[in-house]
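# What the coordinates show
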Amino acid sequence: MKVGLVLGAGGVQGGAWLTGALDALVRETEWEGLRDAGGRPANEADRSAGARFACDGLPSWPGSWRLALATLRDPRRFPPAAVTAGWLPRGFISTEPLKDTIRRAAGGGWSPHPGLWIVACDYATGRRVVFGRAGSPPATLADAVAASCAIPSFYRPVEIDGRFYVDGGMWSTSNLDVIRNEDFDLVICLNPTSSLHPTRAWNPIEWLPALARGASGRRLGHEAKKLRAAGTEVVLAQPTGADLRAMGPNLMSNRRRHATLEMARRTTTAQLREPQVREALAALPKASRPEKVRRPPGPPGRWPARAVRDLRPGAPIPGAGTQ
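Our subject in this report is the structure included herewith. (Residues numbered from 1 in each chain as written. Predicted model: local features only at pLDDT ≥ 70, side-chain atom pairs only at ≥ 80, totals over all residues. Heavy atoms only, no water.)

### Notes on the overall build of the chain
- Across its full length, the chain holds 10 helices and 7 strands.
- Expressed as a percentage of its 323 residues, the buried residues of the chain come to 41%.
- The long-range fraction of contacts in the chain, counting pairs at least 24 apart against all pairs at least 6 apart in sequence, stands at 71%.
- Here the chain displays about 17,300 Å² of accessible surface, and carbon together with sulfur accounts for 56% of that area. (Helix = DSSP H or I, 4+ residues; strand = E, 2+ residues; numbered from the N terminus. Buried < 20%, exposed > 50% of the residue type's maximum accessible area, 1.4 Å probe, protein only. Contact = heavy atoms within 4.5 Å. Areas by Shrake-Rupley, 256 points an atom, 1.4 Å probe, with all protein chains shown as cover.)

### Section: helix α1 (residues 11-29)
- Compared with an ideal rise of 1.5 Å per residue, which puts 19 residues at 27 Å, α1 spans 26 Å between its outermost C-alpha atoms and is within 8% of the ideal.
- Listing the buried residues of α1 in full gives V12, Q13, G14, A16, W17, L18, G20, A21, A24, L25 and T29.
- Considering only its buried residues, α1 is in contact with β1 (3-7), β6 (186-190), β7 (233-237), α7 (241-247), α8 (257-272) and α9 (275-281).
- E30 sits one or two positions beyond α1 and adopts a positive phi of about 70°. (Expected span 1.5 Å × (residues − 1).)

### A look at the side chain of T269
- Here T269 shows up in helix α8.
- Residue classification places T269 among the buried residues on the basis of a relative accessible area of 16%.
- Not counting chain neighbours up to four residues away, the residues in contact with T269 comprise A24, E28 and A264.

### Comments concerning the pairing of strand β2 (residues 118-122)
- With 5 of its 5 residues buried, β2 lies for the most part within the structure.
- In terms of strand pairing, β2 meets strand β3 (residues 128-131) through 4 bridges, oriented antiparallel. Looking at the pairing, I118 lines up with F131 of β3.
- Taken together, β2 and the strand that follows it, β3, pair antiparallel across an intervening segment of 5 residues, in which G126 is found at a positive phi of about 80°.
- Pairing between β2 and strand β5 (residues 163-167): 3 bridges, direction antiparallel. Each bridged residue has a counterpart across the sheet, and for C121 the counterpart in β5 is V166. (Pairing = 2+ DSSP bridges.)

### Side note on helix α2 (residues 65-73)
- Taken as a whole, α2 has its buried residues at L67, A68, A70 and T71. The buried residues of α2 occupy one face: seen down the axis, they fall within an arc of 165°. Turned more than 90 degrees from where α2 packs its buried face, W65, R66, L72 and R73 sit exposed.
- On its buried face, α2 sits against α3 (80-85). (Arc of directions from axis to C-beta.)

### Side note on the sheet that holds β7
- The strand order across the open sheet formed by 3 strands is β1-β6-β7, and the pairing between neighbours is parallel. What marks the edges here is a single partner per strand, and that holds for β1 and β7. Across the sheet, the mean angle separating the axes of adjacent strands is 15° when strand polarity is ignored.
- In the sheet, β1 pairs with β6 via 5 bridges, with the strands oriented parallel. Residue pairing for β6: V6 is matched across the bridge by C189. (Axes fitted to C-alpha atoms, helices over the stretch in contact; angles between N-to-C directions.)

### Digging into the packing of aromatic side chains
- Taken as a whole and assessed by the stated rule, the structure comprises 2 aromatic pairs.
- When the ring of F131 is compared with that of Y165, the centres are 5.1 Å apart and the planes differ by 75°; the resulting orientation is edge-to-face. Highlighted residues: F131 in strand β3 and Y165 in strand β5, separated in sequence by 34 residues. One exposure class covers both F131 and Y165, and it is buried.
- Here F154 and Y155 contribute two aromatic rings whose centre-to-centre distance is 5.0 Å and whose plane-to-plane angle is 90°, an arrangement assigned as edge-to-face.
- In this structure F154 comes out as partly exposed when scored by relative accessible area, which is 24%. (Phe/Tyr/Trp six-rings, centres within 6.5 Å; stacked < 30°, edge-to-face > 60°.)

### Details of the packing of α1 against α8
- At their nearest, the axes of α1 and α8 sit 7 Å apart, and the two run at 40° to each other. On the basis of the axis angle, α1 is oblique to α8. Crossing hand, α1 versus α8: right-handed. Where α1 approaches α8, its residues V12, Q13, A16, W17, T19, G20, A21, D23, A24, L25 and E28 are matched on the opposing element by R257, T260, L261, A264, R265, T267, T268, T269 and L272.
- Taken together, the residues of the contact of α1 with α8 break down into 9 nonpolar, 7 polar and 4 charged. (Parallel < 35°, antiparallel > 145°, perpendicular 65-115°, else oblique. Left-handed = near helix turned anticlockwise from the far one by under 90°. Nonpolar A, V, L, I, M, F, W, Y, C, P; charged D, E, K, R; others polar.)

In structure tokens:
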């Protein structure tokens, strides 16, 4: 099978939800737990997960004159978030804690996996850029992830190869349509900013997050429809009402992250056990099938590129006497 995994945007609370959702996915599909670049288990990782905020200069307005003027000339060419992003002040929160989190987990350079794509947006043109895909600017994994998280007017834009980049969520919170032409058999998308269980927002503070979740859900449904029309099985996991209550209206809040993570473990597990979803996941190769799943020896940071690419049944196992 050719399987894709898509992780949507979501700020600090969305990151906590994704962590719990990924843990549920690992448990329900029998894959082994993740380890960092040094081979240490995930429970020894930096607990802040990038949720340490430090000022890096002062905000300036507007954040991007070029993007602001481009959207003014023809706003229909851009998603709504991109139309406003150029006019908002430039962010002033450092992305170094985000980069440090990635370096701790994956080391320097780029990922050895050839199928890893990181989505950001050019801060001058508003166009979507997929780091890791052929034809995209070269970048380190830490810089690309930081750019993909750089929410306009909050985080400072990230400079890569002479240009500035911001959050890929400015184009789409899910970006599921990026892989619509990749001929996947199955795509699993975890999207923390949408929900099939919207809550009634009586508090005015919650109106804007509720509107944003609705827009994110509509975009996700539109993108999923494209993949399904092409014959790809799509599994979507989204926050439930219980998740939304745990996360709260402020996705950048660094409080209650553990409660969000634990709730996501439970609610995502329930979603993955629904009959239609379980049937779709049943075809995945299981860790109990050694002819399907091969884990090279040592920490992931030292895996040879060939070991990551050649996962076909019968492929030689690196270090097992066959070169």
